[in-house]
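# Understanding the architecture of this molecule
The primary structure of each chain is shown beneath.
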Amino acid sequence: MYKRQDLSYATQDKPRGLADAFIVGRDFVGNDDVALILGDNIFHGSGLPDLLSRAAMRSGEATVFGYVVNTPQHYGVVELDGRGRAVSIEEKPLTPKSNVAVTGLYFYDNDVLDIAASLKPSARGEIEITDVNRAYLERGDLYVEVLGRGFAWLDTGTHETLVEASHFVQILEQRQGMRIACIEEIALRLRYITIDQFYKLAQRAAKSSYGQYLLSVHRSFAAEPKHRGSQSWVTTAQLFS
């Protein structure tokens, strides 16, 4: 049997800002900790799953991911001290205190539900995610994980950046011969599905290049089951990146 994955959807009736997600989705989150990722953000880099795992395991605090950019005034910006700790955080400042932008990936403890609900809309009428992060900063519970060299953060919110991201993914897949974020392959290597279940999924798409890739993964995986199983986490890190 396949492992069941439940998907839930909620509607934001008005553009009230990113932090409104924790108000709209409060019942879904319940008593759990929560992660938020913007739908138009793409992250790629070796070791990314390890960073995400560490963020998920931190208790009682928030983790945001920073990225050095040339135009920090277009983003939420975090200022760091000499030890890499957050000192201040601002939303699209005219005079940025650093060039470290806060990306669209956030991990929070359950307190974020009450924090978001207590915020007042900003001058532009939105409940700002930067104000949520500032609340964690002020209580000393904001951890910043800066994505260094080798990581790519792509914001596909415009037609131009969407094309750029498409070219980026195309080049990597063609050069490396691997598919980025291939959900069937990830499920196989995380052992959510068996090799036989994977093969059935591959056969459904066998007439496409995507299906041919899945079949090649099946052949490779079936040829070295013990080796692949022992190295599943390493390979999965590459797949998620």
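Residues numbered from 1 in each chain as written. Predicted model: local features only at pLDDT ≥ 70, side-chain atom pairs only at ≥ 80, totals over all residues. Heavy atoms only, no water.

### Some words on the overall build of the chain
Inclusion rule: Runs of E in the DSSP output that reach at least two residues are strands. Runs of H or I that reach at least four are helices, and both are numbered from the N terminus. A simple rule labels every residue: compare its accessible area, found with a 1.4 Å probe on the protein chains alone, to the largest value its type can have, and call it buried under 20%, exposed over 50%, or partly exposed in between. Here a residue-residue contact requires only that any non-hydrogen atoms of the pair lie within 4.5 Å. Residue-level accessible areas treat just the shown protein chains as cover; the underlying method is Shrake-Rupley with a 1.4 Å probe. In this charge count, Lys and Arg are treated as positive and Asp and Glu as negative; neither His nor the chain ends contribute. All charge positions are set by atom: Lys at NZ, Arg at CZ, Asp at CG, Glu at CD.
What the chain contains, in helices and strands, is 11 helices and 8 strands. Reported as C-alpha extents along the three principal axes, the dimensions of the chain are approximately 55 × 40 × 35 Å. Per-residue burial for the chain yields a buried fraction of 40% across its 241 residues. If you take every contact in the chain between residues at least 6 apart in sequence, the share linking residues at least 24 apart comes to 70%. When the accessible area of the chain is evaluated, it comes to approximately 14,600 Å², of which 52% is carbon and sulfur surface. With 26 positive and 30 negative side-chain charges, the chain shows a spacing of 7 Å between the two charge centroids.

### Notes on the nonpolar core
Cut-off, in case you're wondering: Within this scheme, the nonpolar core is defined by two criteria: the residues are buried Ala, Val, Leu, Ile, Met, Phe, Trp, Tyr or Cys, and they are joined through side-chain atoms within 4.5 Å.
Judged by nonpolar contacts, the single largest core of 26 residues is most densely connected at Phe22, Tyr108, Val112, Ile129, Val132 and Tyr136. Elements with a contribution of two residues or more to this core: strand S1 (34-37), strand S3 (62-68), strand S5 (86-91), strand S6 (100-108), helix H4 (112-118), helix H5 (129-138) and strand S7 (142-147). Discounting residues that sit within four places of it in the chain, Val132 has contacts with Ala19, Tyr108, Val112, Ile115 and Leu119. Phe43, Leu51, Tyr67 and Trp153 belong to the second largest nonpolar core, which has 13 residues in total.

### Focus on helix H9 (residues 209-223)
For clarity, the cut-off: Multiply 1.5 Å by the residue count of a helix minus one, and that product is the helix's expected span.
The end-to-end C-alpha separation of H9 is 21 Å, in line with the 21 Å expected for 15 residues at 1.5 Å each. Among the residues of H9, those classed as buried are Gly211, Tyr213, Leu214, Leu215, Val217, His218 and Phe221.

### Describing the layout of surface pockets
Note the threshold: The distinction between a cavity and a pocket rests on a 1 Å grid over the protein atoms alone: a 1.4 Å probe fits inside a cavity but cannot get out, while a pocket stays open yet meets protein on both sides within 12 Å along at least five of seven lines, and a residue with an atom within 4 Å of a point counts as lining. Grid points are joined across faces, edges and corners, and a volume is the space filled by probe spheres set on the points. Three classes are used: nonpolar for Ala, Val, Leu, Ile, Met, Phe, Trp, Tyr, Cys and Pro, charged for Asp, Glu, Lys and Arg, and polar for all others, with Gly counted as polar.
One number sums up the size of the second largest pocket: a volume of about 450 Å³. Surrounding the second largest pocket, 24 residues form its lining, Leu18, Leu38, His74, Glu91 and Lys92 being those nearest its centre. Going through the elements one at a time, S5, S6, H5 and strand S8 (152-155) are the ones with two or more residues in the lining of the second largest pocket. Counting residues per element, the lining of the second largest pocket draws most heavily on S6, at 4 residues. Across the lining of the second largest pocket, the residue classes tally to 9 nonpolar, 8 polar and 7 charged.

### Observations regarding the packing of aromatic side chains
The line we're drawing: Any two of the Phe, Tyr and Trp rings considered here, Trp counted by its six-membered ring, make a pair once their centres fall within 6.5 Å; the pair's planes then place it as stacked at under 30 degrees, edge-to-face at over 60, or tilted in between. Geometrically, a lysine NZ or arginine CZ counts as sitting over a ring once it is within 6 Å of the ring centre and also within 35 degrees of the ring normal.
If you walk through the whole model with that rule in mind, you get 6 aromatic pairs. With a centroid separation of 6.1 Å and an interplanar angle of 10°, the aromatic rings of Tyr106 and Tyr108 are classed as stacked. By relative accessible area, Tyr108 is classed as buried at 3%. Aromatic rings pair up to connect Phe22, Tyr106, Tyr108 and Tyr136 into one cluster. In this structure, Arg58 packs its charged tip against the face of Tyr143, placed 3.8 Å from the ring centre.

### Observations regarding the packing of helix H8 (residues 195-204) against H9
What counts is decided by this rule: Lines fitted to C-alpha atoms define the axes here, with helix axes fitted over just the stretch in contact, and angles between the N-to-C directions of these axes take values from 0 to 180 degrees. Each angle gets one of four labels, with under 35 degrees taken as roughly parallel, over 145 as roughly antiparallel, 65 to 115 as roughly perpendicular, and the rest as oblique. Helix crossings get a hand from a simple test, with the near helix turned counterclockwise from the far one by less than a right angle marking a left-handed crossing and a clockwise turn marking a right-handed one.
Between H8 and H9, the least distance of the axes is 9 Å, while the angle of their chain directions is 155°. On the basis of their axis angle, the class for H8 and H9 is roughly antiparallel. Pair H8 / H9 crosses with left-handed handedness. Within the contact between the two elements, H8 uses Ile195, Phe198, Tyr199, Leu201 and Ala202 and H9 uses Gly211, Leu214, Leu215, Val217, His218 and Phe221. Considered class by class, the residues forming the contact of H8 with H9 number 9 nonpolar, 2 polar and no charged.

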